[in-house]
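Architecture at a glance
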Amino acid sequence: MTTRRTILKHTAGAVAAALIAGTASAQEVTLNLHQFLPAQANVPTHILDVWIEDVEEASDGRIEINHFPSMQLGGTPPELMDQAIDGVADIVWTVVGYTPGRFPQTEVFELPFMVEDARAGSYADWKMFEEHMQDADFEGVKILGTWVHGPGVFHTNEPVQQPSDLQGMKIRGGSRLVNDLLTRVGAESIGLPVPAIPEALSKGVIDGTTIPWEVTPSIKVPELVSNHTEFEGPALYTLTFVLAMNEDKFEAMPEDLQQILMEQSGLEFSVFAGGTMADYDEPARQIAVDMGNNIITVSDTSEWESLARPIYESWVADMDSRGIDGQALIDQARALMDEYQASN
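Residues numbered from 1 in each chain as written. Predicted model: local features only at pLDDT ≥ 70, side-chain atom pairs only at ≥ 80, totals over all residues. Heavy atoms only, no water.

1. A word on unusual backbone geometry
Under the convention used in this document: Working definition: helices are DSSP H or I runs of at least four residues, strands are E runs of at least two. Numbering for both runs from the N terminus.
Notably, Met71 is not glycine yet its phi reads approximately 60°, a positive angle. Inspection of the secondary structure puts Met71 in the loop between strand 2 (63-68) and helix 3 (80-86). Positive phi is not limited to glycine here, since Lys220 has a value of about 60°. Here Lys220 is to be found in the loop between strand 8 (208-212) and helix 7 (221-224).

Here you go:
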């Protein structure tokens, strides 16, 4: 984190110094950032607030960003992307899968057992966003970052060691591909945004949830269920995220401030964000361990992978029906993740 911030501050600072000299009269810009997690959760604290501070410092205070957590500007988490597009909020952070099927090419990173390393996945996500998605899936909105979280985990009221243990269980999923996965491994899938999980667990609406470790403390999951199932090797699943900005608001900014904002965003920020989420998996996991919860680690994933394999075929067919080469996206995502791993 320190390295990234130091490098970007020096780079953007040099750019800003040169540009501000010729644009001293440019107006200041105030932006509102809206997202669904409480302020003390890991993503707001260790990613969004860090990014806000970096932007404000790099712009010498000419950009001010107000952070509104927990949907304080109104609406529901699935409405966040439209809030950015419509200008209800200037910037939003959201789960892409909250709007099922709307941004289909990002789903390549949500395929089961696809992503093993969040930094590599986030690197590939940004690279493929630039090549395939910014003028297609995300036309009409300015994307500042794209990333994936660490491995998805089952958190349940009864132990889950094999797919048959999920029979009859109602499990929350965060995207259409995760819900498809849940159905194929025997559970009844329930689509819910993250903030709805605690109440659904406490009232018995669901028997468990899929979610990465890092967010579990902020929504009290280890206190609501006592069983957690994780997987060795590639993740059971990951979800994709975007930091998205209203396009008109971005275009209305002075050109030098646009450049400063993008210096703090993009590829390096995306890798930082995904990696930071993954880094906070272990401390969150330790909380469940300290509480005496039951941690199950699945080392032989062959049965799970066999049940999940048809999802690849159906997703490729769906992409083909949209005029998108789904298999090519899978191949490119894997190649880019390998590229990142080989260079780091």
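2. Details of the environment of Met71
Using the following cut-off: Partly exposed residues are those whose accessible area sits between 20% and 50% of the maximum for their type, while under 20% is buried and over 50% is exposed, using a 1.4 Å probe and protein chains only. Contact between two residues is taken to exist if any of their heavy atoms lie within 4.5 Å; hydrogens are not considered.
Residue class for Met71 comes out buried when judged on its relative accessible area of 12%. As for Met71 and Val205, which are separated by 134 residues in sequence, their C-alpha atoms are 23 Å apart. Not counting residues within four places of it along the chain, the set of residues in contact with Met71 comprises His34, Gln35, Phe36, Thr76, Pro77, Leu80 and Gln83.

3. Describing the pattern of salt bridges
To be explicit about the condition: We define a salt bridge as a contact between a side-chain nitrogen of Lys or Arg and a carboxyl oxygen of Asp or Glu at a distance within 4 Å.
Enumeration over the complete set of coordinates arrives at 9 salt bridges. Lys203 is the partner of Glu199 in a salt bridge, and the nearest nitrogen-oxygen pair spans 2.7 Å. Linked by salt bridges that have partners in common, Glu107, Arg176, Asp318 and Arg322 make up one network.

4. A few points about the packing of aromatic side chains
Between two aromatic rings, the relevant description is the distance of the centres plus the angle of the planes. The test is simple: Stacked, tilted and edge-to-face are the three classes applied to pairs of Phe, Tyr and Trp rings, where Trp contributes its six-membered ring and a pair requires centres within 6.5 Å; stacked means planes under 30 degrees apart, edge-to-face means over 60, and tilted covers the rest.
Scanning all chains against the criterion turns up 15 aromatic pairs. Judged by centre distance (6.2 Å) and plane angle (55°), the rings of Phe154 and Phe231 are tilted. Within this pair, whereas Phe154 is found in strand 5 (residues 152-156), its partner Phe231 is found in strand 9 (residues 227-231), the two being separated by 77 residues in sequence. No difference in accessibility class separates Phe154 from Phe231, as the two residues are buried. Centre to centre, the rings of Phe269 and Phe272 are 6.2 Å apart; their planes meet at 40°, and the pair counts as tilted. Note that Phe269 and Phe272 are positioned in helix 10 (residues 266-279) at a spacing of 3 residues, about one turn of the helix.

5. What about helix 11 (residues 281-290)?
Filter applied, for reference: The directions from the helix axis to the C-beta atoms form the arc being described.
Among the residues making up helix 11, those that are buried are Asp281, Ala284, Arg285 and Ala288. For helix 11, the arc enclosing every buried residue in end-on projection is 100°, short of the 170-degree limit, so these residues lie on one face. Buried residues belonging to helix 11 abut strand 8, helix 7, strand 9, helix 10 and strand 11 (294-298). Looking at the residues trailing helix 11, positive phi occurs at Gly292, about 85°.

6. Overview of the pairing of strand 7 (residues 188-191)
Test applied: What makes two strands pair is DSSP finding at least two bridges between them.
Pairing geometry for strand 6 (residues 170-173) and strand 7, over 4 bridges, is parallel. In the strand pairing of strand 7, Lys170 is matched with Glu188.

7. A word on the sheet that holds strand 1 (residues 29-34)
Cut-off, in case you're wondering: Axis lines are fitted through C-alpha atoms, for helices just across the contact stretch, and the angle between N-to-C directions can take any value from 0 to 180 degrees.
With respect to topology, 5 strands assemble into an open sheet ordered 2-1-3-10-4, the strand pairing being mixed. The outermost strands of the open sheet, each flanked by one partner alone, are strand 2 and strand 4 (141-148). When the angles between neighbouring strand axes are averaged without regard to direction, this sheet yields 20°. In terms of strand pairing, strand 3 (residues 91-95) meets strand 10 (residues 240-246) through 5 bridges, oriented antiparallel. If you follow Ile91 over to strand 10, its bridge partner there is Met245. Against the sheet, helix 4 (residues 118-133) touches strand 4 and strand 10, its axis set at about 155° to strand 4. This element, helix 10, spans strand 4 and strand 10 of the sheet and lies at about 40° to strand 4.

8. Focus on the sheet that holds strand 9
Strand order across the open sheet formed by 6 strands is 7-6-8-5-9-11, with mixed pairing between neighbours. Only two strands of the sheet have a single neighbouring strand rather than two, namely strand 7 and strand 11. Strand after strand, the sheet turns through a mean of 30° between neighbouring axes, direction not considered. Direction of pairing for strand 5 relative to strand 8: antiparallel, over a ladder of 5 bridges. Each residue of the ladder has a partner; that of Phe154, found in strand 8, is Thr210.

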